Amino acid sequence: MLYCCLFSAVSSSLYSSSCQFLRQFILNGMHKTGDVILGGIFAINLFSADPDLTFTSEPQLPPCYGFDITGFRQTQTMAFAIDEINRNSNLLPNVTLGYSLYDNCFQLRIGFPAALSLVSAAGKEEQLTLEENCVGTPPVLGIVGDTTSSNSIAISTVLGLYRMPLVSYFASCSCLSDRQKFPSFFRTIPSDAFQVNAMIQILKHFGWTWTGLLISDDDYGVHAARSFHSDLGPAGGGCLAYTEILPQGYDPAELRRIVDVMRKSTARVVIVFANNFPTFNLMKEVVRQNVTGLQWIASEIWSSAAALQTPYFIPYLRGTLGISVQRGEIPGLRDFLLQIRPELHHNNTHGNSMVNQFWEHTFQCRFAPPPAGWVEAGGELCTGQEVIENVENELVDVSNLRPEYNVYKAVYALAYALDDMLQCEPGRGPFSNNTCAHLQRLEPWQLVYYLDKVNFTTKFGDRVSFDENGDTIPIYDIINWVWLPDGRTKVQTVGEVKRSAFKGEELTLDEDKIFWNFESKQPPQSVCSESCPPGTRMARKQGKPECCFDCVPCSEGMISNTTDSMECTSCPEDFWTSPQRDHCVPKKIEFLSYHEPLGICLTTTSLLGTCICVVVLGIFIHHHNTPIVRANNSELSFLLLVSLKLCFLCSLLFIGRPRLWTCQLRHAAFGISFVLCVSCILVKTMVVLAVFKASKPGGGSTLKWFGAVQQRGTVLVLTSIQAAICTAWLVSASPVPHKNILYHSGKIIYECAVGSTVGFAVLLGYIGLLAVLSFLLAFLARNLPDSFNEAKLINFSMLIFGAVWVAFVPAYINSPGKYADAVEVFAILASSFGLLVALFGPKCYIILLRPERNTKKAIMSRGTTK
């Protein structure tokens with residue numbers, strides 16, 4: 001083929017005014033003369049035998065067979081478009097278009113020589129006289145074709161060297177968008193890059209993230225597979241379960257292996273991006289193995305293939321979704337097709353042999369003599385008077401024009417480019433020195449320039465233009481194979497996908513019209529792993545595609561509120577996860593409340609202790625002149641009862657929602673109240689010892705240091721020290737309300753932060769110091785006579801007080817949340833009740849129940865007896 005490509009260079013090197021071709025291809029074609037000739041390459045026959053590739057001066061006719069009505073209708077569409085343009089006085093006036101259309105037999109080895117014949121006029125004359133060195137106006141200004149991407153790549157590679165425009169109606173390989181390699185290639189079908197994205201949009205729409213991909217072993221399939229592998233994940237969030245290459249020929253072993261892979265896979269959706277022949281062979285094996293339950297997605301080549309819409313295949317293929325070339329309407333085409341008539345005498349050079357072949361195929365007749373190499377002629381002789389309308393065939397069915405519509409637009413694109421070129425005003429042209437192109441001296445690259453800028457609207461209302469890569473405005477129809485009650489299959493349009501400048505790729509689907517080949521009549525599920533519900537995140541399985549994952553519950557404190565979340569997010573500081581871990585809820589705020597049982601019990605106990613103190617104080621006031629009250633230093637007893645009452649009341653500050661004033665007051669009130677209480681006890685103990693010492697000979701002077709004023713002063717001084725400690729603590733590092741979120745992850749512990757641990761320790765230490773002094777002094781006075789038995793009661797009360805507060809420290813440290821406050825309240829109440837009962841219980845017993853012992857004589861007699 002490369003040798004054939006170089007024939008013009010070889011001939012030009014002969015320094016001759018004429019170009020002699022080494023070989024002449026006699027191709028199946030049809031021609032019409034005109035001022036300007038447009039070429040066309042179509043697939044009229046689907047098969048061909050291996051031609052003789054040896055160079056010979058004898059004409060060679062490739063033996064092709066398998067006549068395709070659809071391909072023939074495409075050639076007639078081009079002929080109709082040219083005829084319509086010639087009748088249009090507004091487009092290319094005074095210029096008549098002609099055509100040379102060839103059959104490539106679906107083979108590059110025939111399509112390539114056809115393209116060379118078009119650009120060299122080799123199909124018309126064996127010897128062509130040109131200007132010097134074989135230069136001049138080419139016989140064909142532009143070519144519509146080829147059918148396949150592989151053919152277009154090869155042909156455009158050569159034609160691109162001379163900037164000969166090639167406008168394809170069906171070559172969709174994304175590789176052809178490379179302007180560096182294919183500078184003169186245009187197409188009226190969208191690129192496969194867009195077709196792949198359209199399929200990805202469908203997969204995304206139905207949530208099909210786990211699919212199989214079958215491709216043909218050619219440029220069409222290979223480049224599509226590359227696009228799927230690079231775009232499926234980022235654009236649609238899916239991945240491929242498998243990718244298999246279908247054999248070009250019939251390979252039963254390989255087909256069995258591929259179908260076995262499909263049958264074993266969990267992917268229920270299969271994309272077939274292949275030509276008709278590999279797809280046909282695949283489907284035969286699918287039927288043989290009875291593989292059902294699959295949703296097929298068809299590429300545009302086989303999405304409307306009639307050969308697969310037969311009763312043999314349709315039980316497996318009905319419900320297929322496919323990408324299809326946009327449907328269009330071409331008014332007048334049907335009437336044009338009905339006027340087709342054959343030539344009764346073949347002319348291998350200028351005849352329309354493909355029309356005769358169509359006639360033989362349709363009416364099952366033959367012309368005399370039959371053309372050599374065409375194997376389908378048979379039966380009676382054709383008269384040429386047969387009526388097309390009397391025979392049922394696809395030719396005149398113009399209700400679903402898709403590739404034909406692309407052919408129609410390609411012809412008009414060339415015509416509009418040529419018209420724009422001819423309307424150029426001299427001196428205002430786009431070329432060097434503002435020159436215009438002339439039809440008599442037209443260079444192909446000049447027509448390419450106008451093709452780049454062509455912009456028109458068809459009668460059907462579709463705008464046609466080309467971008468910088470030669471690609472047309474991308475739009476595809478979405479079709480569905482619908483099974484009808486009478487057993488027939490209808491291919492209907494159920495949506496479209498297009499690209500707009502503002503919205504990008506836009507998919508529109510009418511799901512109510514889609515037929516699903518499943519018992520549920522609903523779209524299938526095709527996922528490697530089920531979607532992860534809210535409250536979980538996806539964890540990819542090692543060694544598996546990214547669509548295969550496990551659903552891992554979110555950790556505590558983290559949520560996911562969407563399906564298939566990649567990661568869990570943390571809740572805000574004051575919030576926690578719901579039980580389902582799909583949303584954040586406000587954390588439960590915990591503190592020692594008045595409304596809970598524990599808070600109610602402690603509050604009741606505190607108020608009870610306060611009431612008891614009031615009652616005892618009332619009893620002492622009422623009996624303040626009795627010996628038992630007077631003998632126990634009534635003033636200090638009254639002050640002690642008041643301090644105990646304050647101790648009971650200060651415990652209420654530890655209950656309820658912490659606020660700034662309660663946090664600041666609770667420890668200060670607690671510290672001062674207890675120091676006042678213990679100071680009174682300490683002074684009472686000192687007074688007892690002083691009285692006992694004064695009762696001995698020579699000890700009278702001792703009492704002068706323990707008069708009423710001195711007692712009050714001592715209590716005031718000792719209490720003032722604690723007040724100073726509390727003031728310094730509140731000023732330097734005041735306790736404040738604090739939300740503790742560290743202790744319990746699901747709760748907010750509302751507590752009072754002590755502010756300064758040192759201040760709190762000094763406060764407790766001072767109380768402890770006074771309590772220890774009181775205990776020691778009371779211990780020293782434990783053996784005094786009964787008349788002075790107040791020391792024993794103080795000793796006992798200090799033991800209770802010390803035991804409670806020694807136990808308090810570890811219990812407080814290890815108590816969680818609100819229970820720390822409860823422990824402190826309990827310690828306050830326990831120590832207060834201990835002091836109240838130990839110091840005032842025996843006295844109240846005598847006052848109320850044994851009044852006969854509440855006399856000076858009784859008290860003194862107990863001392864004498866002792």
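Residues numbered from 1 in each chain as written. Predicted model: local features only at pLDDT ≥ 70, side-chain atom pairs only at ≥ 80, totals over all residues. Heavy atoms only, no water.

### Observations concerning the overall build of the protein
Step number 1: The helix and strand inventory of the protein stands at 23 helices and 31 strands.
Step number 2: Looking at the protein as a whole, 52% of its 866 residues are labelled buried.
Step number 3: Summed over its atoms, the accessible surface of the protein is roughly 39,400 Å², and 57% of this surface lies on carbon and sulfur atoms. (Helix = DSSP H or I, 4+ residues; strand = E, 2+ residues; numbered from the N terminus. Buried < 20%, exposed > 50% of the residue type's maximum accessible area, 1.4 Å probe, protein only. Areas by Shrake-Rupley, 256 points an atom, 1.4 Å probe, with all protein chains shown as cover.)

### Focus: the sheet that holds strand β29 (residues 588-590)
Step number 1: In spatial order, the strands read β29-β31-β30; together these 3 strands make up an open sheet with mixed pairing. Lying at the two open borders of the sheet, with one neighbouring strand each, are β29 and β30 (736-740). Strand after strand, the sheet turns through a mean of 30° between neighbouring axes, direction not considered.
Step number 2: Across 5 bridges, the pairing between β30 and strand β31 (residues 747-753) is antiparallel. Counted as the bridge partner of V736 is A753 from β31. (Pairing = 2+ DSSP bridges. Axes fitted to C-alpha atoms, helices over the stretch in contact; angles between N-to-C directions.)

### Topic: the pairing of strand β14 (residues 295-298)
Step number 1: With burial as the criterion, each face of β14 is covered, one bearing Q295 and I297 and the other bearing W296 and A298.
Step number 2: Inspection of the sheet shows strand β13 (residues 269-273) paired to β14 by 4 bridges, in the parallel sense. Pairing of I271 across the sheet is with I297, part of β14.
Step number 3: Where the polypeptide runs from β13 across helix α9 (residues 276-289) and back to β14, its parallel neighbour, the crossover connection is right-handed. (Right-handed = clockwise from strand over helix to strand, strands pointing away.)

### What about the pattern of salt bridges?
Step number 1: Taken as a whole and assessed by the stated rule, the structure comprises 23 salt bridges.
Step number 2: Of the charged contacts, one joins K541 and D550 as a salt bridge, the two residues approaching to 3.9 Å between their closest N and O atoms.
Step number 3: Using a relative accessible area of 32% as the deciding quantity, one classes K541 as partly exposed.
Step number 4: Note on D550: relative accessible area 40%, which makes it partly exposed. (Salt bridge = Lys/Arg side-chain N within 4 Å of Asp/Glu carboxyl O.)

### A closer look at the packing of aromatic side chains
Step number 1: One pass over the full model with this rule turns up 36 aromatic pairs.
Step number 2: Between the aromatic rings of F280 and F313, the centroid separation amounts to 5.3 Å while the plane-to-plane angle is 70°, which identifies the pairing as edge-to-face. Of the two residues, F280 is situated in helix α9 and F313 in the loop between β14 and α10 (314-317); the sequence distance between them amounts to 33 residues.
Step number 3: Judged by relative accessible area, which is 3%, F313 ranks as buried.
Step number 4: Look at F431 and Y450: their rings are 6.2 Å apart centre to centre, the planes differ by 80°, and that puts the pair in the edge-to-face class. (Phe/Tyr/Trp six-rings, centres within 6.5 Å; stacked < 30°, edge-to-face > 60°.)

### Looking at a nonpolar patch on the surface
Step number 1: Together, L607, L639, V642, L646 and L649 make up an exposed nonpolar region whose accessible area comes to about 340 Å².
Step number 2: At 4 residues, helix α17 (residues 634-650) tops the list of elements feeding residues into the nonpolar patch.
Step number 3: As for its placement among the helices and strands, L607 is situated in helix α15 (residues 597-622). (Patch = residues over 30% accessible without salt bridge, like charges linked within 9 Å, V, L, I, M, F, W, Y side chains within 5 Å.)

### Thoughts on the sheet that holds strand β12 (residues 239-246)
Step number 1: Read across the open sheet, the 8 strands follow the order β12-β11-β13-β14-β15-β20-β21-β22; overall the sheet is mixed. In this open sheet, the two edge strands, each paired with only one partner strand, are β12 and β22 (504-509). Ignoring which end each strand starts from, the neighbouring axes of this sheet average 25° apart.
Step number 2: Across 7 bridges, strand β11 (residues 210-216) lies against β12 in parallel orientation. Bridging from a neighbouring strand, I215 pairs with I245 of β12.
Step number 3: Helix-sheet contacts for helix α6 (residues 192-206) involve β11, β13, β14, β15 (321-325), β20 (475-483), β21 (489-500) and β22, and the interaxial angle to β22 is about 55°. (Contact = heavy atoms within 4.5 Å.)

### Side note on the state of the cysteines
Step number 1: Scanning all chains against the criterion turns up 10 disulfides.
Step number 2: Between the sulfur of C239 and that of C547 lies a disulfide, 2.2 Å long from S to S. On the criterion of sequence distance, the pair formed by C239 in strand β12 and C547 in the loop between β23 (536-540) and β24 (549-553) is long-range, its members being 308 residues apart.
Step number 3: Given a relative accessible area of 10%, C239 falls into the buried group.
Step number 4: By relative accessible area, C547 is classed as buried at 5%.
Step number 5: Between the sulfur of C528 and that of C548 lies a disulfide, 1.9 Å long from S to S. Given an S-S torsion of about 105°, the disulfide between C528 and C548 has right-handed geometry. On the criterion of sequence distance, the pair formed by C528 in the loop between β22 and β23 and C548 in the loop between β23 and β24 is long-range, its members being 20 residues apart.
Step number 6: Here C613 stays free of any disulfide, with the sulfur of C647 as its closest cysteine sulfur at 8.4 Å. (Disulfide = S-S within 2.5 Å.)

### As for the environment of C611
Step number 1: Note that C611 resides in helix α15.
Step number 2: When its relative accessible area of 47% is taken as the criterion, C611 is described as partly exposed.
Step number 3: Sequence separation between C611 and K645 is 34 residues, and the spatial gap between their C-alpha atoms is 8.1 Å.

### Topic: the side chain of S227
Step number 1: Along the chain, S227 falls in helix α7 (residues 219-236).
Step number 2: For S227, a relative accessible area of 11% corresponds to the buried category.
Step number 3: Leave out the neighbours within four places in its chain, and S227 touches S174, V196 and L232.

### Quick word on helix α20 (residues 757-780)
Step number 1: The first and last C-alpha atoms of α20 sit 34 Å apart over 24 residues, in line with the 34 Å expected at 1.5 Å per residue.
Step number 2: Every buried residue of α20 is listed here: G759, F760, L763, Y766, I767, L770, A771, S774 and A778. (Expected span 1.5 Å × (residues − 1).)

### A look at unusual backbone geometry
Step number 1: A cis amide bond links G145 to the next residue, D146, at an omega of -5°.
Step number 2: By the element assignment, D146 lies in the loop between β8 (142-144) and α5 (149-159).
Step number 3: Of note, the phi angle at N94 is positive, near 65°, even though the residue is not glycine.
Step number 4: Assessed through its relative accessible area of 81%, N94 is described here as exposed.
Step number 5: A positive phi angle, near 60°, is found at N433, a position not held by glycine.
Step number 6: With respect to the secondary-structure elements, N433 resides in the loop between α13 (403-422) and α14 (444-452).

### Some points on the confidence of the model for the protein
Step number 1: Residues at a pLDDT of 70 or more form 86% of the protein, whose mean pLDDT is 83.
Step number 2: In this model residues 122-137 is a low-confidence stretch, pLDDT under 50, and it forms 35 contacts with partners more than four residues away in sequence or in other chains.
Step number 3: Within the model, the stretch residues 345-350 combines pLDDT values under 50 with 10 contacts to residues more than four positions away or in other chains. (pLDDT = per-residue confidence, 0-100.)

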